[in-house]
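Chain and residue survey
Listed below are the residues making up each chain.
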Amino acid sequence: MKQYLFLLLTMGLFSSVMAQTTLSGTVVSKTDGMPIPGASIIPNNSTQDGVATDFDGNFTLTVDATDGVLLVSSMGYAATEVAYSGSQNFTIALEDQSTGLDEVVLIGYGTSVKKNITSAIATVSNVESIASRPVGTLNDFLQGNVAGVTVLQQGGDPSETGKIVIRGLGSISNENPLMVVDGVPYYGPSINPNDIASVSILKDASAAAIYGAQAASGVIVIQTKKGKQGKPRIGVDMYSGMQSATDLPTPLNAIEQASVYNMAADNGGTPRQSAHDAAQNPWGQTTRTQWMDAIFRTALLYNANINVSGAGEHSNYMSSFGYNKKEGVLQGTSSERYSFRLKSEIDLSDRLTLGENVYFSHTESVGTNTSSGYSGTILNAIYMPSAAPIYDDQGAFHGVAPYNLSQFAGAYGDVYNPMSLLLRPTTTSPTRFLNANVFLDYKILNGLKFKTSYAYSTSQNNYKSFDPRRPELGRTNLVNSLTQSYATTNRWVWDNQLTYNKAFGDHNLDLTAVYSSQFTDYEFYSQRGEGFGNENKNNQYMSNAADIKNPITDVYEDALTSAIGRAMYNYDNKYFVSASIRRDETSRLAAANQADYFPSASMGWRISDENFFKVPAVNDLKFRASWGQIGNINSVGYYSFDVPLSTQTVIIGENGLENDKGVYAGKQSNPNLTWETSESINLGLDATLFDNRLNVTFDYFEKETKGMILPGLEDKHQGTAAADVNGGEVKNHGLELSAIFNNSVGDLNYTLSANASMINNELINLDGYNKSGIDFITHSGENVRSTLEPFRSEVGRELYSNYLVPYLGIFQSQEEIDGYVLGGNPIQPDAQPGDFKFKDSNNDGKIDNNDKVFMGSYQPDLTFNVNLKLDYKGFDLGLIFQGVSGVKAFNGYKYSAYNAALQGYNLDNRVLGSWTPSNTNTNLPRLSTKDNNKNFETTSSWYLEDASYLRLKNITLGYSVSDSIMDSMMKGASLRVYISGENLFTFTDYSGLDPEVGGNGLDVGKYPLSRMFTAGLSLKL
């Protein structure tokens, strides 16, 4: 820092002694007053003294001549000349003449005009339409909008957000894109989407390398809105609406449940249950509840945003307040967010700018478990007998049978009342997040600028959940409990940046040097208490528990320092080269391995400017190529090189009554662990065609993760979990294509855009994973009721591939069973007509897990999006179609919902179509209380389904009130009203609730996405 201060002082003194004319100002669009980044300012035809405006449209330059003319130009705008006399400050408005390549793109630590980009950077179009759609987070808006960017929705649970994957899975460990907001890495909850002005996605290593250790999975760069010249502006955006679930399954009614289980008992050779005998249990023959109708609801959603902004000659400001509330379509689930932002800049002099950006949010969400095969809410709504009411005569939750008929309860299984799962626990989980950033920007010399920024964030989550007793018959639990926890994360990030931007005739040079450091501390504390004599809300405090369990704690500190250098050069805007190198040093690795270097390089060639290339239909054509490496720190445990000891309560003493603390090594350390590295190459073409009406971008990429960090293979002799290791390599390669076409016919303006991406994923090796030569990773933690384990990652295959026994159909006769033999012995000796036939893949004469083969994965082969926007005399219509293909989901819901061999649970009414001698054209096996053939217990391809889909993601119809009407009310005001529908239609062959099951494609009754209808307005004053 001393060197920076010395440099500032020296340059400041040097510049002050030179008597020159200082010219500064802002270049804006005459149409909407928005600043124009990257505009060229050339004084007196001297290109070597020219400068470019920054992201906010600001510029400052010094010239020798007291009087002269500035030539101001920018791609997409008509050039203009402005005379000056002496030092002056200007606001220069340019007329629009837009083309697709004029767009200014956010890049790492700076901006660039899209036509000069040489790496894979995509911009998110139609960001302004965020205000017209019921999207609670940017993730929701990104889905399908950018080629190569996949948003894996985690169902419709309001407490969960979609996971963003850029150019395929690169690791089985933690990988999330880095979020950068207003130039600073951001680690908080989702920001208010209405604050967003522009978004860029840095997809390849060349683009993202400047962000280093946390950018291996790509970078999402966001610029928030700011004030613009003119009078203060007030913006009001709001909508409200409703949502509902569609295509829900239907459980058997009471008579059907009894009939199905009587048939299953007969087929299984077991006695019929008395609970299903109408004479012995007439209560069980009457349907009292349609459980899907009971747990699902028509839910409301609200969103309101108020924005106040403005700018003067030397300052600008923006403040916003946002409120978003979304009821979940499952009873008792919801999310709510309050947010506030204050952002301002002030020019303290013609060289010094000071700014701040403060963001605060209060978020709280309550979801429900729909991923468990035991306690999943939707699954229990299938399990629960339709004869049972929601509440008993006393207003308490009812069980599977009345207390006076408890002798029948066992026939219905250990079922939770699904409404009690949703409404009984009292849960609060507010998260308060504050992020404050201050920066100082000093223009040292013409083209040379220094910027220092410091950001501090703190996040506090307080969780409290009280779970009362569950005395009702079914899955009874007579122990109540209270769980409380808090988690606090504090982080600071300090960046210091020098940039030099200069034009020397046809030579354009952009140099950037950054030193960045950040530090994080985290603390977590959790405690559980049981045995509350009184369950009243006023008694739900830890001190009232009869049995307070030992607390659970977690704490860590994390530090990262980085030094970055980047050079960008182009000649005559025709030939481009750039290179960067970053040195990262992390506290997560042992001292010898903490630091590493990660380089990148790219080049571009504007072919359309060559004399030999004269094609009238081609307005602009550029070739790009890039290569780069990035270290991935997200996959490294905080103390993997020296794992802290674990503690546990142990029972000692002769009678086993004394409690004491035990300290033990729970996991091995690995001081030799090194950086996981992501290396990629990218080849691309950008083209503008047909009088700038069509813009096309094409990319081919290869991305390899080397030294993948993952838990090693456990050594049973050590008695501890294996250390993390650098254990493999993953490769993704694919194609991306995006196109946008703009045109008009009379008063009708239309834009048609589309994008598509194809990605292939492969595990190249597992070198270093273990010393036993095993070339696969089992994912036993992802299973259905500890029985079905569908995933395996094996060398030469996709990560999390489906690994299943092939299903060949249903045996229609005993002759078919007797004919399915090997060496004269039946392959499935326990089969009966109506049972599944499986393939003996390894020809050993029996069906078991050794017959599993690979059958694709949940990773899509193709993702695509089509967007149509029409504008006619104030009316606008937008349609978004989004989809994926080549997606395979494991529908584990069928294991429980179609299986009569479990505990007597109610079933999905589709079992009425199960195989019988008179109903053979079906893929459902015969009903039986015995699964001797392991129809359901075999992890087979019968569960595997094509989860490809095409979805009408959004349709919006709006009307903008004419300027003349609005001007008569208030000069410069505008008003747009609209109606919008989200997730309107889905075309899919998937039989589950929704094809977007999230995770790696395992579905046991996932919370579905809902259909939404909203109406709103956008008012600017």
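About the thresholds
Residues numbered from 1 in each chain as written. Predicted model: local features only at pLDDT ≥ 70, side-chain atom pairs only at ≥ 80, totals over all residues. Heavy atoms only, no water. Helix = DSSP H or I, 4+ residues; strand = E, 2+ residues; numbered from the N terminus. Rg over C-alpha atoms; globule rule 2.2 N^0.38 Å. Contact = heavy atoms within 4.5 Å. Areas by Shrake-Rupley, 256 points an atom, 1.4 Å probe, with all protein chains shown as cover. Lys, Arg positive; Asp, Glu negative; His and termini not counted. Charge placed at Lys NZ, Arg CZ, Asp CG, Glu CD. Phe/Tyr/Trp six-rings, centres within 6.5 Å; stacked < 30°, edge-to-face > 60°. Buried < 20%, exposed > 50% of the residue type's maximum accessible area, 1.4 Å probe, protein only. Lys NZ or Arg CZ within 6 Å of the ring centre and 35° of its normal. Pairing = 2+ DSSP bridges. pLDDT = per-residue confidence, 0-100. Core = buried A, V, L, I, M, F, W, Y, C linked by side-chain atoms within 4.5 Å. Salt bridge = Lys/Arg side-chain N within 4 Å of Asp/Glu carboxyl O. 1 Å grid on protein atoms, 1.4 Å probe; cavity = no way out; pocket = protein on both sides within 12 Å on 5 of 7 lines; lining within 4 Å. Points joined across faces, edges and corners; volume = space filled by probe spheres on them. Nonpolar A, V, L, I, M, F, W, Y, C, P; charged D, E, K, R; others polar.

1. Considerations on the overall build of the protein
- The helix and strand inventory of the protein stands at ten helices and 55 strands.
- For 1021 residues, the compact-globule formula gives about 31 Å, and the C-alpha radius of gyration of the protein, at 32 Å, lands near that figure.
- Viewed in the frame of its principal axes, the protein has a C-alpha envelope of about 105 × 70 × 65 Å.
- The contacts of the protein with a sequence gap of at least 6 include a subset with a gap of at least 24, amounting to 70%.
- Taken as a whole, the protein presents about 42,800 Å² of accessible surface, with 54% of it coming from carbon and sulfur.
- Charged side chains in the protein number 75 positive and 105 negative. The centres of these two groups are separated by 3 Å.

2. Focus: the packing of aromatic side chains
- Taken as a whole, this structure holds 26 aromatic pairs when the rule is applied.
- Plain terms: the ring middles of F741 and Y750 are 6.2 Å apart, the flat faces sit at 40° to each other, and that makes the pair tilted.
- Under the relative-accessibility criterion, Y750 is labelled partly exposed at 22%.
- Within the aromatic cluster, the residues linked to one another by ring pairs are Y807, F836, F838, F890, Y893, Y898, F936, W942 and Y943.
- When the ring centre of Y187 is taken as origin, the NZ or CZ atom of R491, which lies over that ring, is 3.9 Å away.
- Of note, K837 hangs over the ring of Y820, and the distance from its end group to the ring centre comes to 4.6 Å.

3. Structural notes on the sheet that holds strand 41 (residues 791-794)
- Taking strand neighbours across the sheet as the criterion, the four strands line up as 40-41-42-47 in an open arrangement whose pairing is antiparallel. Looking at the sheet topology across the chains shown, the edges are occupied by strand 40 (776-778) and strand 47 (853-854).
- Relative to strand 42 (residues 801-804), strand 41 runs antiparallel, the two being bridged by two bridges. Paired with F791 across the two strands is N802, which belongs to strand 42.

4. Here we look at the sheet that holds strand 2 (residues 40-43)
- Pairing is antiparallel in the open sheet, where four strands are placed in the order 3-2-5-6. On the outer flanks of this sheet lie strand 3 (51-52) and strand 6 (77-85), each paired with one strand and no other.
- Judged from the two bridges that link them, strand 2 and strand 3 form a sheet pairing that is antiparallel. The residue of strand 3 that forms the bridge with S40 is A52.

5. Overview of the confidence of the model for the protein
- With 95% of its residues at a pLDDT of 70 or more, the protein has an overall mean of 90.
- In the model, residues 1-18 has pLDDT below 50 throughout and makes 17 contacts with residues more than four positions away in sequence or in other chains.

6. Focus on the nonpolar core
- If you look at the biggest cluster of nonpolar residues, it comprises 66 residues, and the most contacted ones within it are W291, I295, F296 and Y898.
- Among the secondary structure elements, those contributing two or more residues to this core are helix 4 (254-268), helix 5 (291-295), helix 6 (377-383), helix 7 (418-423), strand 46 (836-838) and helix 9 (893-897).
- With five residues, helix 6 is the largest single contributor of residues to this core.
- When residues no more than four places from it in sequence are discounted, the contact partners of F296 are A245, L248, V329, L330, Q331, I378 and P1008.

7. Some words on the pairing of strand 24 (residues 448-467)
- Sheet topology note: the strand 22 (residues 426-428)/strand 24 ladder contains three bridges and is antiparallel. Directly across from T427, in strand 24, lies its bridge partner S465.
- Across 14 bridges, strand 23 (residues 431-445) lies against strand 24 in antiparallel orientation. Across the sheet, residue N437 finds its bridge partner in strand 24, namely A455.

8. Some details on the pattern of salt bridges
- Considering all chains together, one arrives at 36 salt bridges under this definition.
- The shortest N-O distance in the salt bridge between K574 and E610 comes to 4.0 Å. Of this pair, K574 sits in the loop between strand 28 (552-571) and strand 29 (575-586) while E610 sits in the loop between strand 30 (595-606) and strand 31 (618-632), and the two are 36 residues apart along the sequence.
- You can call K574 buried: its relative accessible area is 14%.
- Classification of E610 as buried rests on a relative accessible area of 9%.
- Note that E585 is salt-bridged to R583, the shortest N-O span being 3.2 Å.

9. So, empty space enclosed by the protein
- Applying the stated criterion across every chain, the model contains eight cavities of 30 Å³ or more.
- Around the largest cavity, the lining is made up of 22 residues, and of these T150, V151, Q882, V884 and Y949 lie nearest the centre.
- Elements represented by at least two residues in the lining of the largest cavity include exactly strand 11 (149-152), strand 48 (862-872) and strand 49 (875-885).
- The greatest single-element share of the lining of the largest cavity, amounting to four residues, is contributed by strand 11.
- For the lining of the largest cavity, the per-class residue count stands at twelve nonpolar, nine polar and one charged.
- Here the second largest cavity is characterised by a volume of approximately 110 Å³.
- Taken together, V181, D182, V184, P185, Y186, R341, N357, V358, Y359, N435 and N437 make up the full set of residues lining the second largest cavity.
- Looking at the lining of the second largest cavity, its residues break down into six nonpolar, three polar and two charged.

10. With respect to the pairing of strand 18 (residues 299-311)
- Pairing of strand 17 (residues 230-244) with strand 18, which is carried by twelve bridges, proceeds in the antiparallel orientation. Residue pairing across strands places G235 opposite N307, the latter belonging to strand 18.
- Where strand 18 and strand 19 (residues 315-327) come together, eleven bridges link them in antiparallel fashion. Counted as the bridge partner of S309 is M318 from strand 19.
- Between strand 18 and the antiparallel strand that follows it, strand 19, lie three residues.

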